[in-house]
Amino acid sequence: VAACLAFDRVTAEQVLARAFALFPPEVVSVELLQAGLSEVGDLWYEGEASVQQEHFTSAMSVQRMEMLIASAPPPMRPERIIVASAQDDYHVFSPLLLTDLLRRRGWDVLYLGADVPAAELEETVKQTQPHILIISSQLLATAASLVDITSALAGYDLSIGYGGLVFIMMPQLQGRIPAHYLGPTIEGAVPVVEQLVQKQPAAPAIRKPDPEY
């Protein structure tokens, strides 16, 4: 964190190299990359770090996650999982981290990136026929689009999971999405995803607003 706040890429890369030499990649991804990025994000929110410092840290973390995904072993399981960010959502670290953790457990994961429109996502589902679709949403405005996406895909034979910061900060939203909430942590989402792939349960019922509202 100190190296990123100082824009010291060389030192930051040395810290990462040392961490990856000592610990498994899953541990470094969660306890160093994700934790460090979260800390810098909190500093930005509190006015103690600039947006440039946050972007620098985010870019380094995303680049490292993309390298880890590229080096992951080939899939050993036949089921396919799609991971994407909701429409107008440009936060990619969390879905990248989930993609890497799932791939390292042998799953065939297709990562679609940020800002995936509902119509194009439906077309990709038709083409690739995944067993489960996972959508990440970090903001309230982008969380609203999850209702449209899940409704558009209601007729397909797949389970849909979702998660993101907004559902932790506003847990009442979890009851508004007709899909499976994956939990508050990315590492905790992995076994939930695996259960969804294997059992493919029906989507939970949602709480609809009353007519007066």
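Note that the coordinates shown come from a computational prediction; the quantities given were computed from them, not determined experimentally.

Chemist: I tried to follow the pairing of strand β1 (residues 80-85) on my own but got confused; where do I start?
Modeler: The side chains of a regular strand alternate, first on one face of the sheet and then on the other. The element β1 is extensively covered by neighbouring structure, given that five of its six residues are classed as buried. As judged from the four bridges shared by β1 and strand β2 (residues 108-111), these two strands associate in the parallel manner. Across the sheet, Ile-81 pairs through a bridge with Val-109, a residue of β2. In terms of handedness, the path from β1 via helix α5 (residues 93-103) over to β2 forms a crossover that is right-handed. Relative to strand β3 (residues 132-136), β1 is paired through five bridges, and the arrangement is parallel.

Chemist: Please clarify how the pattern of salt bridges should be interpreted in this entry.
Modeler: Note that side chains of opposite charge can pair when their charged atoms are close. Evaluation of the coordinates by the stated rule reveals six salt bridges. The shortest N-O distance in the salt bridge between Glu-13 and Arg-9 comes to 3.6 Å. Pair noted here: Glu-13 and Arg-9 are both in helix α2 (residues 9-22), with a separation of four residues, about one helical turn. A salt bridge links Glu-194 to Arg-77, with the nearest nitrogen and oxygen atoms 3.8 Å apart. On the criterion of sequence distance, the pair formed by Glu-194 in helix α10 (residues 186-199) and Arg-77 in the loop between α4 (51-70) and β1 is long-range, its members being 117 residues apart. On the accessibility criterion, Arg-77 (29% relative accessible area) is partly exposed.

Chemist: How do you make sense of the sheet that holds β3 when you look at a structure like this?
Modeler: Backbone-to-backbone hydrogen bonds pair the strands of a sheet. The strands run either parallel or antiparallel. Ordered in space as β2-β1-β3-β4-β5, the five strands form an open sheet in which the pairing is parallel. If you trace the sheet from one side to the other, it starts and ends with β2 and β5 (180-181), each paired once. Contacting β1, β2 and β3, α5 runs over the sheet at an angle of about 160° to β2. The strands touched by α10 are β1, β3, β4 (159-163) and β5; relative to β3, the strand with the most contacts, the crossing angle is about 150°.

Chemist: Just checking my understanding: could you explain the packing of α2 against helix α3 (residues 25-45) for this structure?
Modeler: Between two packed helices, the angle of one axis relative to the other and the distance separating the axes together describe the packing. The interhelical angle for the contact between α2 and α3, taken along N-to-C directions, is 140°, at an axis separation of 9 Å. Looking at the two axes, α2 sits oblique to α3. For the crossing formed where α2 meets α3, the hand is right-handed. Along its contact with α2, which presents Val-15, Leu-16, Ala-19 and Phe-20, the element α3 presents Pro-25, Val-28, Leu-32 and Leu-33. Taken together, the residues of the contact of α2 with α3 sort by class into eight nonpolar, no polar and no charged.

Chemist: Is there a simple way to think about α2 in this case?
Modeler: Helical periodicity: at 3.6 residues per turn, an α-helix aligns residues three or four positions apart in one direction. For α2, with 14 residues, the first-to-last C-alpha span of 20 Å sits near the 20 Å given by 1.5 Å per residue. Considered for burial, the residues of α2 that qualify are Ala-12, Leu-16 and Ala-19. The arc that holds every buried residue of α2, seen down its axis, measures 60°, which confines them to one face. Set apart from the buried face of α2 by more than 90 degrees, the exposed residues are Val-10, Arg-18, Ala-21 and Leu-22. Contact partners of the buried residues in α2: α1 (2-5), α3 and α4.

Chemist: In this structure, what is going on with a nonpolar patch on the surface? I would like to understand it.
Modeler: A cluster of nonpolar residues, Leu-22, Phe-23 and Val-27, forms a patch on the protein surface that exposes about 290 Å² of accessible area. Relative to the assigned elements, Val-27 resides in helix α3.

Chemist: Teacher, can you tell me more about unusual backbone geometry here?
Modeler: Among all residues save glycine, negative phi is the norm, and among peptide bonds the norm is trans. Here Phe-7, not a glycine, exhibits a phi torsion of approximately 55°, which is positive. Within the element layout of this structure, Phe-7 appears in the loop between α1 and α2. Assessed through its relative accessible area of 43%, Phe-7 is described here as partly exposed. One non-glycine residue with positive phi stands out, namely Asp-115, at about 50°. Considering the arrangement of structural elements, one finds Asp-115 in the loop between β2 and α6 (118-128). Asp-115 sits in the partly exposed class, given a relative accessible area of 23%.

Thresholds applied
- Residues numbered from 1 in each chain as written.
- Predicted model: local features only at pLDDT ≥ 70, side-chain atom pairs only at ≥ 80, totals over all residues.
- Heavy atoms only, no water.
- Buried < 20%, exposed > 50% of the residue type's maximum accessible area, 1.4 Å probe, protein only.
- Helix = DSSP H or I, 4+ residues; strand = E, 2+ residues; numbered from the N terminus.
- Pairing = 2+ DSSP bridges.
- Right-handed = clockwise from strand over helix to strand, strands pointing away.
- Salt bridge = Lys/Arg side-chain N within 4 Å of Asp/Glu carboxyl O.
- Contact = heavy atoms within 4.5 Å.
- Axes fitted to C-alpha atoms, helices over the stretch in contact; angles between N-to-C directions.
- Parallel < 35°, antiparallel > 145°, perpendicular 65-115°, else oblique.
- Left-handed = near helix turned anticlockwise from the far one by under 90°.
- Nonpolar A, V, L, I, M, F, W, Y, C, P; charged D, E, K, R; others polar.
- Expected span 1.5 Å × (residues − 1).
- Arc of directions from axis to C-beta.
- Patch = residues over 30% accessible without salt bridge, like charges linked within 9 Å, V, L, I, M, F, W, Y side chains within 5 Å.
- Areas by Shrake-Rupley, 256 points an atom, 1.4 Å probe, with all protein chains shown as cover.

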